[in-house]
Amino acid sequence: MKYIKKLVIRLVLAVLLTLSYQLLYKILIPITLYPSFYILKLAYQAELVNNSIITNSHSLTFIPACAAASAYILLGILILLTKDIRLKTGLKMFLLGSLLILIANIIRIESLIFILINGGKNYFETLHLFIWKVLSSVFVALVWIFLIKFYKIKSIPFISDIKQIRKLM
């Protein structure tokens with residue numbers, strides 16, 4: 001019964017995390033936008049107006065999707081839906097994984113702005129869509145693989161819980 005109680009708590013937390021999408025945006029936008037802007041200012045003349053970075057006659061509006069909240073949510077869900085991860089370990093995993101996602105996202109933003117300025121809008125749009133649709137999910141998967149190896153996690157998200165529930169029946 002203790003296992004079922006813990007499982008229900010993890011599932012409820014996963015649902016709450018998913019529902020916190022808007023709150024995450026409010027936290028993640030400044031954490032991503034300001035470092036991106038200040039790094040860009042090191043190489044280019046740039047201005048920050050509301051959520052837009054203006055540089056070299058280009059105006060880039062930083063929309064919520066740029067903050068990659070879905071990547072953080074996916075990481076959190078993977079941690080919550082993995083059996084046998086203690087709270088302290090889960091928090092460490094989330095913080096380290098989030099830092100890796102943030103760094104990769106800032107590098108992505110800087111690279112895309114560099115491509116826009118030096119390669120043009122067509123290259124920017126093509127690469128932006130490719131990174132957004134393909135590489136971002138692959139990156140979160142790689143972060144997850146790194147974290148489970150680093151923290152020596154043997155359970156598989158969701159599958160290990162199903163196996164445990166079958167044993168209890």
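Trainee: How do you make sense of the sheet that holds strand β2 (residues 52–55) when you look at a structure like this?
Mentor: Each strand in a sheet pairs with its neighbour through backbone hydrogen bonds, running either in the same direction (parallel) or in the opposite one (antiparallel). Read from one edge to the other, the open sheet built from three strands follows the order β1-β2-β3, with strand pairing classed as antiparallel. Each of the sheet's edge strands pairs with one partner strand only, and the pair in question is β1 (46–49) and β3 (58–61). If you compare each strand with its neighbour and ignore which way they point, the axes differ by 20° on average. Pairing of β1 with β2 involves four bridges; the strand directions are antiparallel. When the sheet's bridge partners are listed, Glu47 is paired in β2 with Ile54. Helix α2 (residues 21–43) rests against β1 and β2 of the sheet, and its axis sits at about 160° to β1.

Trainee: Got a minute to help me understand the packing of α2 against helix α4 (residues 87–119) in this structure?
Mentor: Across the interface, α2 lies against α4 with an axial gap of 10 Å and an inter-helix angle of 45°. Taken together, α2 and α4 sit at an angle that is classed as oblique. α4 is crossed by α2, and the crossing has right-handed handedness. Residue-level contacts link Ile31, Thr32, Pro35, Ser36, Phe37, Ile39 and Leu40 of α2 to Leu102, Asn105, Ile106, Ile109, Glu110 and Ile113 of α4. In terms of residue class, the contact of α2 with α4 is built from nine nonpolar, three polar and one charged.

Trainee: What should I look at first to understand the pattern of salt bridges in this one?
Mentor: Think of it this way: side chains of opposite charge can pair up when their charged atoms draw near. With the rule as written, the count across this model stands at three salt bridges. For Glu125, the salt bridge identified is with Lys121, shortest N-O distance 3.8 Å. Of this pair, Glu125 and Lys121 are both found in helix α5 (residues 121–150), four residues apart, which corresponds to roughly one turn of the helix. On the accessibility criterion, Glu125 (37% relative accessible area) is partly exposed.

Trainee: It is not clear to me how the packing of helix α1 (residues 2–19) against helix α6 (residues 159–168) should be interpreted in this structure. Could you clarify?
Mentor: Interhelical geometry of α1 versus α6 gives an angle of 150° and a closest axis separation of 11 Å. It follows that α1 is roughly antiparallel to α6 by the angle criterion. Relative to α6, α1 is oriented so that their crossing is left-handed. On the side of α1, the interface is formed by Tyr3, Ile4, Leu7 and Arg10, while α6 contributes Ser160, Asp161, Gln164, Ile165 and Leu168. Of the residues that constitute the contact of α1 with α6, the class distribution is five nonpolar, two polar and two charged.

Trainee: Would you mind showing me how to read a nonpolar patch on the surface here?
Mentor: Together, Val8, Ile9, Val12, Leu13, Val15, Leu16 and Leu19 make up an exposed nonpolar region whose accessible area comes to about 630 Å². Counting through the fold element by element, Leu19 comes out in helix α1. Overall, the relative accessible area of 66% leaves Leu19 in the exposed class.

Thresholds applied
Residues numbered from 1 in each chain as written. Predicted model: local features only at pLDDT ≥ 70, side-chain atom pairs only at ≥ 80, totals over all residues. Heavy atoms only, no water. Pairing = 2+ DSSP bridges. Helix = DSSP H or I, 4+ residues; strand = E, 2+ residues; numbered from the N terminus. Axes fitted to C-alpha atoms, helices over the stretch in contact; angles between N-to-C directions. Contact = heavy atoms within 4.5 Å. Parallel < 35°, antiparallel > 145°, perpendicular 65-115°, else oblique. Left-handed = near helix turned anticlockwise from the far one by under 90°. Nonpolar A, V, L, I, M, F, W, Y, C, P; charged D, E, K, R; others polar. Salt bridge = Lys/Arg side-chain N within 4 Å of Asp/Glu carboxyl O. Buried < 20%, exposed > 50% of the residue type's maximum accessible area, 1.4 Å probe, protein only. Patch = residues over 30% accessible without salt bridge, like charges linked within 9 Å, V, L, I, M, F, W, Y side chains within 5 Å. Areas by Shrake-Rupley, 256 points an atom, 1.4 Å probe, with all protein chains shown as cover.

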